[in-house]
Amino acid sequence: MKKNALFLIIVAMFAACQPAQKANETQTPKIKILIDSDANNELDDQHALAYALLNSDIFDLVGVTVNNTRNGNGIQGQYDEALRIIQLFNLENKMPLFKGADKNYNEIVSEISDSAFDGQPAVDFIITEAMKMQDEKLVLLPVGKLTNIALAIKKEPKIIDKVRVVWLGANYPNPGEYNLDNDTTSVNPVIESGVPFEMVIVRYGEPSGTAAVTVTREEVAANLKGKGPKSNSEVTGRHGGTFTCFGDYSANLFEHAEMHGNPPSRALFDMAAVAVVKNPAWAQKIEVPAPKLRGVEWIEQPENTIKIIVWENFNRDSIVNDLFGLMEKATPK
C-alpha cells in the first residue's frame, strides 16, 4: 500500500507540472518595439507611449527617441514630455530616452559621419538596437516626422534587413499631413531604401483614417481619470499641476486641448499605430507599389517593385476599449 501511495503521489506531482511546462513552451515572444515620438506636439503621442507601456506582456519597448516638430517647444520640450510619461510609469533611469533630430533630414544628412550631429544620440541608439536583432525584426514606430529613421538608415544601411518601420503619417493618397509636412525630405529616403515600410494613415476628417479613432473628454473622465499605475513621486505636467497616475494626466491634457467634431473629441492617431502592431485585425491593410513624394503630393508608381503597406479603416471601439481596459487593470486595488 505504501508503494502504491508513493507511486500515486509521484504521478500526481508529474501531472501537475505538465500544464505550466506546456504553457512556457508555447508562450509567444514579445514584440520588440522602439517608439520615435514628437511627444509634446499634442496629446496622442503620450497615449501611444502609455499604451505601449501598459502592454508590457505584448511589447518589449527597448527605448524611446524624440524628434522636434513645429508645435513641440523645441527638442527639449519633446524630451521633457516623453520623460513625464516614463516617470508616471516609474521607469525613469530604466527606460532609455534619447534626443533626436531638431532640423530636417536634408539639413543634417551631410553631417552624419561627424562624431556629433543634430539627432546623433537617437540615431545611434536606433542603429545599436536594430543591430542586435537576429531572428526577428525590431519594429520602429515613428509617430512624428521620419527624420531619425531616415538618418539611421543612411548612416547604417545594414539595419534595413533588421527592422520594420510602422509610421503614423500621411493622408495618402491625398497630400499633406502634419508629420509628413514637418520633414518631407525624410520620406523618400526611407521608402526608397527598401526597408519594410508601413503607413498608418491619418486622413483628417475621413472615417477611413486614424482621425476617426477619437475620444471625448467625458469618456476620458469616466474611463481614465484616476486610473493607471501609481508613480512613486509627483510629476509636474506641461500645463502645470502635479500628477501621480497617467489617467489624471490624460484628463488634464484633454481639458487643455481643443476638441473637434460632433461630439467634440480628440483623435488618438499615434496610439492607433501601436494598436495595429499589437492586433492587426483592428484595421485593414493593403499592399501597394511604393509611391514617391513630390513636395507634399504623392506620385503613384504602379511599376515600382518596392511595395509598402497602407493601414486604414480602424476599429475605433476595439482600440479605445483596449486602452480603457488596460488602464483599469493597471490601477492598484
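Placed above this text is the structure.
Residues numbered from 1 in each chain as written. Predicted model: local features only at pLDDT ≥ 70, side-chain atom pairs only at ≥ 80, totals over all residues. Heavy atoms only, no water.

(A) How the structure looks around the nonpolar core. Judged by nonpolar contacts, the single largest core of 66 residues is most densely connected at Leu141 and Leu323. It is helix α11 (residues 269-278) that contributes the most residues to this core, eight residues altogether. Each residue touching Leu323, except ones within four places of it in the same chain, is listed here: His47, Tyr51, Leu54, Leu224, Leu268 and Met271. Judged by nonpolar contacts, the second largest core, of 42 residues, contains Leu138, Ala152, Val163 and Trp167. (Core = buried A, V, L, I, M, F, W, Y, C linked by side-chain atoms within 4.5 Å. Buried < 20%, exposed > 50% of the residue type's maximum accessible area, 1.4 Å probe, protein only. Helix = DSSP H or I, 4+ residues; strand = E, 2+ residues; numbered from the N terminus. Contact = heavy atoms within 4.5 Å.)

(B) Seen up close, the packing of aromatic side chains. Applying the stated rule across the entire model yields six aromatic pairs. With a centroid separation of 6.0 Å and 90° between ring planes, the pair formed by Tyr204 and Phe269 is classed as edge-to-face. On the criterion of sequence distance, the pair formed by Tyr204 in the loop between β6 (197-200) and β7 (214-215) and Phe269 in helix α11 is long-range, its members being 65 residues apart. Overall, Tyr204 belongs to the partly exposed group, its relative accessible area being 43%. (Phe/Tyr/Trp six-rings, centres within 6.5 Å; stacked < 30°, edge-to-face > 60°.)

(C) The packing of helix α3 (residues 74-88) against helix α10 (residues 246-256), seen in detail. Between α3 and α10, the least distance of the axes is 10 Å, while the angle of their chain directions is 145°. From α3, Glu81, Arg84, Ile85 and Leu88 reach across to α10, where they touch Phe246, Tyr249 and Leu253. (Axes fitted to C-alpha atoms, helices over the stretch in contact; angles between N-to-C directions.)

(D) Representation of the pairing of strand β14 (residues 307-312). Judged by how many residues are buried, β14 sits mostly within the fold: five of six residues are covered. Alignment of β6 against β14, held across three bridges, turns out to be parallel. Looking at the pairing, Met199 lines up with Val310 of β14. (Pairing = 2+ DSSP bridges.)

(E) Region of the structure containing the sheet that holds strand β3 (residues 97-99). Pairing within the open sheet is mixed, and its eight strands lie in the order β3-β2-β1-β4-β5-β6-β14-β11. In this open sheet, the two edge strands, each paired with only one partner strand, are β3 and β11 (284-289). For this sheet, the mean inter-axis angle between neighbouring strands, taken without regard to orientation, is 25°. Strand contacts of helix α2 (residues 44-54): β1 (31-37) and β2 (59-66), with the helix running at about 160° to β1, the strand carrying the most contacts. α11 rests against β1, β2, β4 (138-142), β5 (163-168), β6 and β14 of the sheet, and its axis sits at about 145° to β5.

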